[in-house]
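Here is how the chains run, residue by residue.
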Amino acid sequence: MNIAERLSPPAYIAMIGAAVVIVLAGLQAATAIVSPFLVAVFFAMITAPIMAWLTHRGVPRVIAAAAVVTGLIGVLVGMIAFLGVALTGFVRSLPQYRARLDEQLAATQSILTEYGITPGGTQIGDYIDQGLIVQQVAGFAREVGSIAVEIFVILVGIGFLLLEAPRIAAVVRQHLGAESAPYRHLMESGRLLIEYVVVRTKVNLITGAGTGLFLAVLGVDFALLWGFVAFVLSYVPYIGLVLAAIPPTLLALIEFGPAGAVAVIAAVALIDAAAENLILPRMAGRDLNLSPFVVLFSVVFWGIIFGVVGVLLAIPLTIAVKLFLESWDETRWIGELLGAGEE
């Protein structure tokens, strides 16, 4: 008789729950180690199709992996250069935006005065602690060294993961058996996770390009920057694009008044709804869909465990847990609860 048969159902559930809590606490304590590994796995998944394309055309695996990592470095350098130029221009424009806000605030106060309301003579600059902003920038500059080390570790990890993937698959196949249910479930889970990461990236490109294009047509400053921010934050479903819309909404309010801000909010809401409810489900398929509640809960849950990395990778991590639960008869019903259900 095994342990599960000797224990009562409540005691067995309590034991499993305690084990899960211990594992999660350990993961949270090891965030500094686990987070770079998760990021490396994530980017290895994104670049796996490129690696396969190169190797199928006769490129040696070492050269193919080096080419993929070099391409990632090029993309990273380009992104840093783009962000540096865009953010420098944005910071230089802050005095202009502050002056426009003061003018709008003065106009609003004048209108209120006409109706007998006498607000205090405050300016928007009174609420901005520039010393705090300088401290935050200086703190970020101090972290650049550690960030660079983490990026180097992640890039090395991506290269090794791309090189070792066939060997790891062969070892797992040898020990589990090519026809065994655990091996088939593992391979299917890996395939579905890669599919989700690729699909999510494609949807984010559509979201970021759509947001940037709309802002450019509207005439909002730094539209390319906000489109890029929308692309990155769209990895956080529902919440990410809302956060990405805050800066351009404020700029539209400054440049075009309330009508411009409302236009940005409406456009971002439509783009977000189309991306999450129309494009993603059609591209991802039923097996990769999660219920909306699970999506929101997973962002909070994994954010608590792994911080910013957990927030960005919340959906891939939740899909991995869902597929793992569906691999066993005893836990399949829990995995089905996480899904969006039948259409």
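Residues numbered from 1 in each chain as written. Predicted model: local features only at pLDDT ≥ 70, side-chain atom pairs only at ≥ 80, totals over all residues. Heavy atoms only, no water.

Q: I'm lost on the overall build of the protein chain in this one. Help?
A: Across its full length, the protein chain holds 13 helices and zero strands. For the protein chain, the N- to C-terminal ordering of α and β elements is α-α-α-α-α-α-α-α-α-α-α-α-α. Summed over its atoms, the accessible surface of the protein chain is roughly 20200 Å², and 73% of this surface lies on carbon and sulfur atoms. (Helix = DSSP H or I, 4+ residues; strand = E, 2+ residues; numbered from the N terminus. Areas by Shrake-Rupley, 256 points an atom, 1.4 Å probe, with all protein chains shown as cover.)

Q: Whenever I open this one, the nonpolar core confuses me. Can you help?
A: One broad trend across soluble globular proteins is that nonpolar side chains are buried collectively. If you look at the biggest cluster of nonpolar residues, it comprises 27 residues, and the most contacted ones within it are Leu-38, Leu-290, Trp-302, Phe-306, Ile-315, Leu-317 and Ile-319. Where this core is concerned, the elements lending two or more residues are helix H3 (31-56), helix H6 (181-218), helix H10 (292-306) and helix H12 (314-325). Counting residues in hydrophobic clusters, the runner-up holds 17 residues, among them Ala-86, Tyr-97, Leu-215 and Trp-226. (Core = buried A, V, L, I, M, F, W, Y, C linked by side-chain atoms within 4.5 Å. Buried < 20%, exposed > 50% of the residue type's maximum accessible area, 1.4 Å probe, protein only.)

Q: I tried to follow H3 on my own but got confused; where do I start?
A: Side chains three or four residues apart in an α-helix point the same way, a direct result of the helix having 3.6 residues per turn. Taking 1.5 Å per residue as the helical rise, H3 with its 26 residues ought to reach 38 Å, and the 36 Å between its terminal C-alpha atoms agrees with that figure. By the largest-angle criterion, Thr-47 marks the main kink of H3, which is about 45°, and a proline, Pro-49, follows within four residues. Gly-58 sits one or two positions beyond H3 and adopts a positive phi of about 90°. (Expected span 1.5 Å × (residues − 1). Bend = angle between axes of the 7 residues up to and from the residue.)

Q: Could you clarify how one ought to interpret the pattern of salt bridges in this entry?
A: The final tally for this structure, using the stated rule, is one salt bridge. Measuring nitrogen to oxygen at the nearest pair gives 2.5 Å for the salt bridge that ties Arg-167 to Glu-164. Here Arg-167 and its partner Glu-164 are both found in helix H5 (residues 130-176), three residues apart, which amounts to about one turn of the helix. (Salt bridge = Lys/Arg side-chain N within 4 Å of Asp/Glu carboxyl O.)

Q: Would you mind going over the packing of aromatic side chains with me for this structure?
A: Any two aromatic rings considered together are summarised by their centre-to-centre distance and by the angle between their planes. Considering all chains together, one arrives at eight aromatic pairs under this definition. For the ring pair Phe-42 and Tyr-235, a centre distance of 5.6 Å and an interplane angle of 80° mean the geometry is edge-to-face. You can see Phe-42 sitting in helix H3 and its partner Tyr-235 sitting in the loop between helix H7 (223-233) and helix H8 (239-256), a full 193 residues away along the chain. With relative accessibility at 11%, the residue Tyr-235 sits in the buried group. Aromatic pair Phe-301 and Trp-302: ring centres 5.0 Å apart, planes at 80°, arrangement edge-to-face. (Phe/Tyr/Trp six-rings, centres within 6.5 Å; stacked < 30°, edge-to-face > 60°.)

Q: In this structure, what is going on with the packing of H7 against H8? I would like to understand it.
A: Between two packed helices, what matters for the description is the angle formed by their axes and the separation of those axes. Running from N to C, H7 and H8 cross one another at 165°; their axes reach a closest spacing of 7 Å. If you check the angle between H7 and H8, you find them roughly antiparallel. The two elements H7 and H8 meet at a crossing, and its hand is right-handed. Each of Trp-226, Val-229, Ala-230 and Leu-233 in H7 lies in contact with H8, whose residues at this interface are Gly-240, Leu-241, Leu-243, Ala-244, Pro-247, Pro-248 and Leu-251. Tallied by class, residues from the contact of H7 with H8 come to 10 nonpolar, one polar and no charged. (Axes fitted to C-alpha atoms, helices over the stretch in contact; angles between N-to-C directions. Parallel < 35°, antiparallel > 145°, perpendicular 65-115°, else oblique. Left-handed = near helix turned anticlockwise from the far one by under 90°. Contact = heavy atoms within 4.5 Å. Nonpolar A, V, L, I, M, F, W, Y, C, P; charged D, E, K, R; others polar.)

Q: What's the story with unusual backbone geometry in this structure? I'm lost.
A: In this structure, Phe-222 takes a positive phi of about 60° despite not being glycine. Here Phe-222 shows up in the loop between H6 and H7.

Q: I'm lost on a nonpolar patch on the surface in this one. Help?
A: Residues Val-149, Phe-152, Val-153, Val-156 and Phe-160 make up a contiguous nonpolar surface patch of roughly 480 Å² in combined accessible area. Within the secondary structure, Val-156 is located in helix H5. Overall, Val-156 belongs to the partly exposed group, its relative accessible area being 33%. (Patch = residues over 30% accessible without salt bridge, like charges linked within 9 Å, V, L, I, M, F, W, Y side chains within 5 Å.)

Q: How do you make sense of the environment of Met-187 when you look at a structure like this?
A: Within the secondary structure, Met-187 is located in helix H6. Assessed through its relative accessible area of 33%, Met-187 is described here as partly exposed. Distance from Met-187 to Ala-169, taken between C-alpha atoms, is 8.5 Å for residues 18 residues apart in sequence.

Q: How do you make sense of H12 when you look at a structure like this?
A: Taking 1.5 Å per residue, 12 residues should reach 16 Å; H12 reaches 17 Å between its end C-alpha atoms and fits that length. Among all positions in H12, only Ala-314, Ile-315, Pro-316, Leu-317, Thr-318, Ile-319, Lys-322, Leu-323 and Leu-325 are buried.

Q: So what exactly am I meant to see when it comes to the side chain of Thr-47 here?
A: Topologically, Thr-47 is positioned in helix H3. What Thr-47 contacts, discounting residues up to four positions off in sequence, is Val-68, Leu-72, Ile-158 and Leu-162.

Q: What exactly am I supposed to notice about the confidence of the model for the protein chain here?
A: Segments scoring low in pLDDT should not have their predicted coordinates read at a detailed level. Residues of the protein chain with pLDDT of at least 70 account for 84%, and the chain-wide mean is 80. Considering each helix and strand of the protein chain separately, the mean pLDDT is smallest for helix H1 (residues 3-6), with a value of 59, and largest for H7, with 91. (pLDDT = per-residue confidence, 0-100.)

Q: How should I be thinking about the environment of Gln-96 in this particular structure?
A: Secondary-structure assignment places Gln-96 in helix H4 (residues 61-114). Residue classification places Gln-96 among the partly exposed residues on the basis of a relative accessible area of 47%. Put simply, Gln-96 and Ile-254 are 158 residues apart on the chain and 9.8 Å apart in space, counted from C-alpha to C-alpha.

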